[in-house]
Amino acid sequence: MQRKILAFITPPVAVCRYGCASCCVAPIFVFWLASIGSVIYAFFGGPAGLDHFSWGTLALGVILWAIAVAWAETVIKGVNDDLAGKNCNGKASTLCSIVSSGSNDVDPLDEVNKYL
């Protein structure tokens with residue numbers, strides 16, 4: 001439950017703590033920061049320079065925040081599933097090779113030296 005609350009409030013921190021920091025923290029942080037900027041900018045009239053509150057700019061901020069939250073939840077769920085191993089056994093997963101590397105990895109330089 002704490003993971004979901006943290007992912008809702010601060011998606012980049014949730015990915016750093018519960019996910020894989022090198023996976024998607026930077027783009028999630030950009031979406032989250034743009035959403036905060038958009039919400040603040042809505043109080044100042046938005047890009048149209050209105051004299052009142054800009055509902056369109058607020059909606060943009062909420063949408064960007066929702067994208068950041070959904071993206072963070074997806075990354076955390078994918079990393080947790082791959083670490084648990086239930087989806088990795090017998091299936092090709094995109095995160096299996098990133099999160100947990102097997103001991104049967106071949107050094108690419110050894111392969112090059114074979115042909116020299």
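Residues numbered from 1 in each chain as written. Predicted model: local features only at pLDDT ≥ 70, side-chain atom pairs only at ≥ 80, totals over all residues. Heavy atoms only, no water.

Caption draft 1: Seen up close, the overall build of the protein chain. If you tally the helices and strands in the protein chain, you get six helices and zero strands. Counted from the first residue to the last, the protein chain has its helices and strands arranged as α-α-α-α-α-α. A buried classification covers 30% of the 116 residues belonging to the protein chain. In the protein chain, of all internal contacts separated by at least 6 residues, the share reaching a separation of at least 24 is 47%. Accessible surface computed for the protein chain: about 7,800 Å², of which carbon and sulfur atoms make up 67%. (Helix = DSSP H or I, 4+ residues; strand = E, 2+ residues; numbered from the N terminus. Buried < 20%, exposed > 50% of the residue type's maximum accessible area, 1.4 Å probe, protein only. Contact = heavy atoms within 4.5 Å. Areas by Shrake-Rupley, 256 points an atom, 1.4 Å probe, with all protein chains shown as cover.)

Caption draft 2: Region of interest: the nonpolar core. One finds Ala-14, Val-15, Ile-28 and Val-75 to be the most contacted residues of the largest nonpolar core, which totals 13 residues. Elements with a minimum of two residues in this core: helix H1 (2-9), helix H2 (11-18), helix H3 (21-42) and helix H4 (55-84). In terms of residue count, H4 provides more of this core than any other element does, five residues in total. Not counting residues up to four positions away in its chain, the partners in contact with Ala-14 are Leu-6, Ala-7, Gly-19 and Ile-76. (Core = buried A, V, L, I, M, F, W, Y, C linked by side-chain atoms within 4.5 Å.)

Caption draft 3: Summary view of a nonpolar patch on the surface. Judged by side-chain polarity, Met-1, Ile-5, Phe-8 and Ile-9 come together as a nonpolar surface patch covering roughly 480 Å² of accessible area. Relative to the assigned elements, Phe-8 resides in helix H1. (Patch = residues over 30% accessible without salt bridge, like charges linked within 9 Å, V, L, I, M, F, W, Y side chains within 5 Å. Salt bridge = Lys/Arg side-chain N within 4 Å of Asp/Glu carboxyl O.)

Caption draft 4: Looking closely at the packing of aromatic side chains. Per the stated rule, a full pass over the model turns up five aromatic pairs. Ring geometry for Phe-29 versus Trp-32: centroids 6.1 Å apart, planes at 50°, classification tilted. On the criterion of helical spacing, the pair formed by Phe-29 and Trp-32 is a turn pair, its members being three residues apart in helix H3. Seen in terms of ring centroids, Phe-31 and Trp-71 are 5.7 Å apart; in terms of plane orientation they differ by 75°. Their pairing is edge-to-face. With Phe-31 in helix H3 and Trp-71 in helix H4, this residue pair connects regions lying 40 residues apart in the sequence. Given the relative accessible area of 28%, Phe-31 is considered partly exposed. An aromatic cluster is present here, built from Phe-29, Trp-32 and Trp-65 joined pairwise through their rings. (Phe/Tyr/Trp six-rings, centres within 6.5 Å; stacked < 30°, edge-to-face > 60°.)

Caption draft 5: Fine view of the confidence of the model for the protein chain. For the protein chain, per-residue confidence averages 79 on the pLDDT scale, and residues scoring 70 or more make up 74% of the total. Taking the mean pLDDT of every element in the protein chain, the minimum, 49, falls on helix H5 (residues 96-99) and the maximum, 88, on H3. (pLDDT = per-residue confidence, 0-100.)

Caption draft 6: Looking closely at the pattern of salt bridges. Considering all chains together, one arrives at one salt bridge under this definition. Ionic pairing is found between Glu-73 and Arg-3, a salt bridge with its closest N-O pair at 3.6 Å. Of the two residues, Glu-73 is situated in helix H4 and Arg-3 in helix H1; the sequence distance between them amounts to 70 residues. Among the residues examined, Arg-3 registers a relative accessible area of 24% and is labelled partly exposed.

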